[in-house]
Amino acid sequence: MGLLHAWRMQKVVSDARTAYAKGDAEFVAGFDIDTRARVSMRAIRKEIDKIINSVEPIGWDCVDVQPFLASVQIDFVRRA
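In this report, the structure presented in the accompanying data block is examined. (Residues numbered from 1 in each chain as written. Predicted model: local features only at pLDDT ≥ 70, side-chain atom pairs only at ≥ 80, totals over all residues. Heavy atoms only, no water.)

1. Brief notes about the overall build of the protein
Each helix and strand in the protein was counted, giving two helices and three strands. Of the regular secondary structure in the protein, the N- to C-terminal order runs α-β-α-β-β. Since a compact globule built from 80 residues should have a radius of gyration of about 12 Å, the 13 Å found for the protein is in line with a globular shape. Projected onto its principal axes, the C-alpha coordinates of the protein cover approximately 40 × 25 × 15 Å. Taken over 80 residues, the protein has a buried fraction of 30%. About 5800 Å² of surface is accessible on the protein, with carbon and sulfur atoms providing 54% of the total. Between the mean site of the 12 positive side-chain charges and the mean site of the 11 negative ones, the protein shows a separation of 7 Å. (Helix = DSSP H or I, 4+ residues; strand = E, 2+ residues; numbered from the N terminus. Rg over C-alpha atoms; globule rule 2.2 N^0.38 Å. Buried < 20%, exposed > 50% of the residue type's maximum accessible area, 1.4 Å probe, protein only. Areas by Shrake-Rupley, 256 points an atom, 1.4 Å probe, with all protein chains shown as cover. Lys, Arg positive; Asp, Glu negative; His and termini not counted. Charge placed at Lys NZ, Arg CZ, Asp CG, Glu CD.)

Here's what the structure looks like:
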C-alpha cells in the first residue's frame, strides 16, 4: 500500500469535498481488489472502513456498500 494508498485516499477525500461543495446529492467511491494478491476479507473490510471514516466527516452518509467481481462500490448521500 504505502504512498500509493495515501495518494488514492487523498484523491477520494478531495473528490468527496469537491462533490459536496458543488452541491451534489450523491457521491460514489470505490476500489479494485487485486485477485492475484489473495487479499483477505479482513483487509477489504478495513479498507471500506477507512474510506467511510474519511468521507463521512465531510458531510456524507454511507448508504450502501456493494461488491462487484473484483471491486467494491461505496455509495454516499448528502447529510440533511
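2. Some words on unusual backbone geometry
You will see that Arg-38, though not glycine, has its phi angle at about 55 degrees, which is positive. Looking at the secondary structure, you find Arg-38 in the loop between β1 (26-32) and α2 (41-55).

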